[in-house]
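Reading the structure
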Amino acid sequence: MKSFYITTAIDYVNGSPHLGHAYEKVLTDVIARFRRQMGDRVNFLTGTDEHGQKVQASARERGIEPQQYVDEIAAEFRALYDRLEVSYDDFIRTTEPRHKQVVRDFLQRLYDAGEIYQAEYHGFYSTRQEQFLQEKDRLPDGSWPEIFGEVTEIVEPNYFFRLRKHQDWLVDYLHTHEDFIFPRYRQKQVLEFLKEPLNDLCISRPKERLEWGIPLPFDENYVTYVWFDALLNYYSGVVDKGLWPADYNVIGKDILVPPHAVYWPIMLHASGLPPPKALLVHGWWLQSGAKMSKSTGETVNPLELIERFGVDAFRYFLIREMNVGQDSEFTVEQFFVRYNSELANNLGNLVNRALNMTTRFAAGVLPAAGAIEDYERELHDLWPKTCDEVIALCEGFQFHTALERTIGFVTATNAYIEKRAPWKLGKSIAATDQERLRTALATIAEALRLAVALLQHVMPATTAKINEVLGYVPGPDWRRELDWGTKLNGAKVAAALVLFPRPQPPKAA
Ligand code: MSP
């Protein structure tokens with residue numbers, strides 16, 4: 001069994017989860033489930049990023065201790081991912097002792113190896129926002145925007161990590177590992193960024209300014225910079241399982257450069273560990289052309305959509321609509337279009353027809369197919385093509401196209417029903433027609449069973465329900481489920497199943 005270790009970014013807990021967070025976890029879950037089906041031994045890690053200035057500030061605003069605050073919000077994230085059927089094997093929180101210990105050991109190792117040094121830090125500091133500002137934050141006339149209040153120039157001793165020293169190694173690494181970043185064109189952006197010399201990274205914050213962090217093991221007057229702390233979750237989460245390096249760190253494009261593509265590989269390299277095998281970088285869900293984020297308030301609450309459409313319809317939409325790597329505009333109208341045309345009127349319709357007709361013409365027991373005619377042959381020929389293509393697409397993360405093809409097969413099955421018209425055959429008492437009818441019922445159910453196998457990683461609960469009403473229990477080896485055969489012969493089907501009910505129309509604005 002091949003081992004496959006995959007992670008998501010860990011979400012900041014300075015606000016509630018939104019659709020962007022949910023998407024990443026569902027995408028990673030779809031990959032994890034697909035790899036399990038393909039026979040890999042999967043370890044799937046997700047979690048929450050709980051230290052830093054923003055979290056400390058959010059807790060203060062609420063007038064509670066940071067620990068109480070992060071406990072509440074982390075539970076909210078976790079509950080959402082459970083609700084979304086995200087099949088993580090472990091959920092790591094950066095405030096857990098197991099993580100803090102690994103971060104401190106890691107820092108000590110780098111410090112002992114001379115990779116960390118102390119120096120004066122110069123910067124412009126906004127007390128109101130409690131953050132260091134950058135040159136790019138200035139207005140065109142050189143002044144600082146109003147929101148920062150009074151800005152003071154600060155010079156203070158801090159600790160720095162030697163990024164610069166490893167720049168050539170990283171450039172080399174990227175040139176010799178062309179598949180380090182998916183999609184590939186993003187690797188070019190990283191190389192572009194690396195054309196400029198790197199500054200060493202300030203990895204400490206004095207405790208007077210920030211208490212909510214992991215104390216540096218070699219100087220307890222400082223806490224660790226939150227990115228340095230957070231990135232290490234991918235390692236601390238499996239340190240006792242011996243699973244490093246990860247096969248994929250799945251992240252959004254906003255956190256590729258510099259944290260994941262520059263800091264992270266260099267941190268690992270400096271401590272003698274290999275980088276992750278690859279970074280999988282997805283795009284953004286947009287609303288009116290802008291990135292959905294909790295700071296703009298323009299966010300879609302995933303829970304509302306799940307209430308209205310069900311978990312699997314929500315998962316289906318996210319995966320069907322987004323081409324991994326690119327951005328996608330979110331609209332409720334588009335959600336309705338996919339829900340109605342692909343789920344309710346296509347897949348849901350096929351399930352209903354399969355159950356109704358088997359109940360009506362065969363007392364609910366699936367017959368064996370007789371001789372095959374041209375009607376059936378078309379569908380039989382389409383299946384292996386669809387199946388091979390879908391597997392290849394999923395292996396290349398082209399899940400949106402994989403779903404399109406799978407739904408195409410469902411459409412073809414519905415078209416077969418129209419052409420074969422079992423209700424007409426049912427009226428004839430001729431033996432040939434009776435055989436045709438049995439063949440039609442078996443064909444419809446078998447095509448549905450096969451389509452369901454290809455939808456399983458995207459809609460786990462729905463596909464389990466369909467198998468159940470088909471009176472079918474899939475075997476343990478997924479790949480053996482994919483041959484057109486006789487697995488359903490004699491199965492007793494349920495009379496009906498409502499899968500995708502008419503949703504409530506969206507509330508008027
Ligand atoms: N805490 C850091 C990640 C540390 S990983 C060691 C962080 N957190 S976040 O909460 O801001 O974002 C978590 C993930 O959600 C990121 O991968 C980010 O790209 C993703 N998304 C946040 N908003 C998004 C959209 N609107 N669309 C898609 N994903 C986006 O960054």
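On to the overall build of the protein. Tallying secondary structure elements over the protein gives 17 helices and 17 strands in all. Reported as C-alpha extents along the three principal axes, the dimensions of the protein are approximately 95 × 50 × 40 Å. Scored against the burial criterion, the 509 residues of the protein give a buried share of 55%. In the protein, 77% of the contacts between residues at least 6 apart in sequence involve partners at least 24 apart. Surface accessibility of the protein: about 22,200 Å² in total, with carbon and sulfur atoms responsible for 51%. Distance between charge centres in the protein, computed from 57 positive and 69 negative side chains, equals 7 Å.

Here we take up the site of the ligand. In the vicinity of the ligand lie 26 residues, with Ile10, Glu24, Asp49, Asp254 and Met292 positioned nearest. Bound to the protein, the ligand loses 97% of the 660 Å² it would expose on its own. For the shell around the ligand, the secondary-structure elements that each account for two or more residues are strand S2 (11-12), helix H1 (19-37), helix H7 (226-231), helix H8 (233-236) and strand S13 (248-252). Within the shell around the ligand, the residues separate by chemical class into 12 nonpolar, 8 polar and 6 charged.

Time to look at the packing of aromatic side chains. What the rule picks out here adds up to 35 aromatic pairs. Ring geometry for Phe106 versus Phe228: centroids 6.3 Å apart, planes at 65°, classification edge-to-face. Taken together, the positions of Phe106 in helix H4 (residues 97-112) and Phe228 in helix H7 put the pair 122 residues apart, joining distant regions of the chain. Across the pair, exposure class does not vary: Phe106 and Phe228 are buried alike.

In this section: the sheet that holds strand S10 (residues 204-206). The 3 strands lie next to each other as S10-S12-S11, forming an open sheet whose pairing is antiparallel. For this open sheet the edge positions go to S10 and strand S11 (215-216), each flanked by a neighbour on one side alone. Both S10 and strand S12 (residues 219-224) contribute to a ladder of 3 bridges, which runs antiparallel. Within S12, the residue paired with Arg205 across the bridge is Val223.

Inspection of the entire model under this criterion finds 37 salt bridges. The residue Glu418 makes a salt bridge to Arg353 at a minimum N-O spacing of 2.2 Å. In this pair, Glu418 sits in helix H14 (residues 399-420) while Arg353 sits in helix H12 (residues 332-362), placing the two residues 65 residues apart along the sequence. In this structure Glu418 comes out as partly exposed when scored by relative accessible area, which is 47%. Judged by its relative accessible area of 16%, Arg353 falls in the buried class. Between Arg449 and Glu446 there is a salt bridge, with its nearest N and O atoms 2.8 Å apart.

Now for helix H11 (residues 311-321). Counting buried positions along H11 yields 11 of 11 residues, so the element is predominantly enclosed. All of the buried residues in H11 are Val311, Asp312, Ala313, Phe314, Arg315, Tyr316, Phe317, Leu318, Ile319, Arg320 and Glu321.

The subject of this paragraph is the environment of His18. Secondary-structure assignment places His18 in the loop between S2 and H1. C-alpha separation for the pair His18 and Asn301, spaced 283 residues apart in sequence, amounts to 5.4 Å.

Here the focus is the side chain of His282. Structurally, the position occupied by His282 is in strand S14 (residues 279-282). Of note is the side chain of His282, whose polar atom sits 3.4 Å from the backbone nitrogen of Gly252. Once residues lying within four places of it in the same chain are set aside, the contact partners of His282 are Tyr23, Glu24, Leu27, Val250, Ile251, Gly252, Lys253 and Gly325.

Here we take up the sheet that holds strand S16 (residues 290-291). Read from one edge to the other, the open sheet built from 3 strands follows the order S16-S15-S17, with strand pairing classed as mixed. Of all strands in the sheet, those bounded by a partner on one side alone are S16 and strand S17 (328-329). Pairing of strand S15 (residues 285-287) with S16 involves 2 bridges; the strand directions are antiparallel. Of the residues in S16, the one forming a bridge with Leu286 is Lys291.

Across the 9 residues of strand S3 (residues 41-49), 8 count as buried, placing the element largely inside the fold. For S2 and S3, the ladder comprises 2 bridges, and the chain directions are parallel. Across the sheet, residue Tyr12 finds its bridge partner in S3, namely Asp49. In this structure, S3 lies alongside strand S4 (residues 90-93), joined through 4 bridges in parallel fashion. The residue of S4 that forms the bridge with Gly47 is Ile92.

This part is about the pairing of strand S7 (residues 151-161). Where strand S5 (residues 116-126) meets S7, 11 bridges bridge the pair, whose relative direction is antiparallel. Each residue of the ladder has a partner; that of Gly123, found in S7, is Ile154. Where S7 lies against strand S9 (residues 201-202), 2 bridges are found, and the strand directions are antiparallel. Bridge pairing in S9 links Phe160 to Cys202.

Conventions used here
- Residues numbered from 1 in each chain as written.
- Predicted model: local features only at pLDDT ≥ 70, side-chain atom pairs only at ≥ 80, totals over all residues.
- Heavy atoms only, no water.
- Helix = DSSP H or I, 4+ residues; strand = E, 2+ residues; numbered from the N terminus.
- Buried < 20%, exposed > 50% of the residue type's maximum accessible area, 1.4 Å probe, protein only.
- Contact = heavy atoms within 4.5 Å.
- Areas by Shrake-Rupley, 256 points an atom, 1.4 Å probe, with all protein chains shown as cover.
- Lys, Arg positive; Asp, Glu negative; His and termini not counted.
- Charge placed at Lys NZ, Arg CZ, Asp CG, Glu CD.
- Near = heavy atom within 4 Å.
- Nonpolar A, V, L, I, M, F, W, Y, C, P; charged D, E, K, R; others polar.
- Phe/Tyr/Trp six-rings, centres within 6.5 Å; stacked < 30°, edge-to-face > 60°.
- Pairing = 2+ DSSP bridges.
- Salt bridge = Lys/Arg side-chain N within 4 Å of Asp/Glu carboxyl O.
- Polar contact = N/O pair within 3.5 Å; in protein donor to acceptor, adjacent residues only side chain to side chain.

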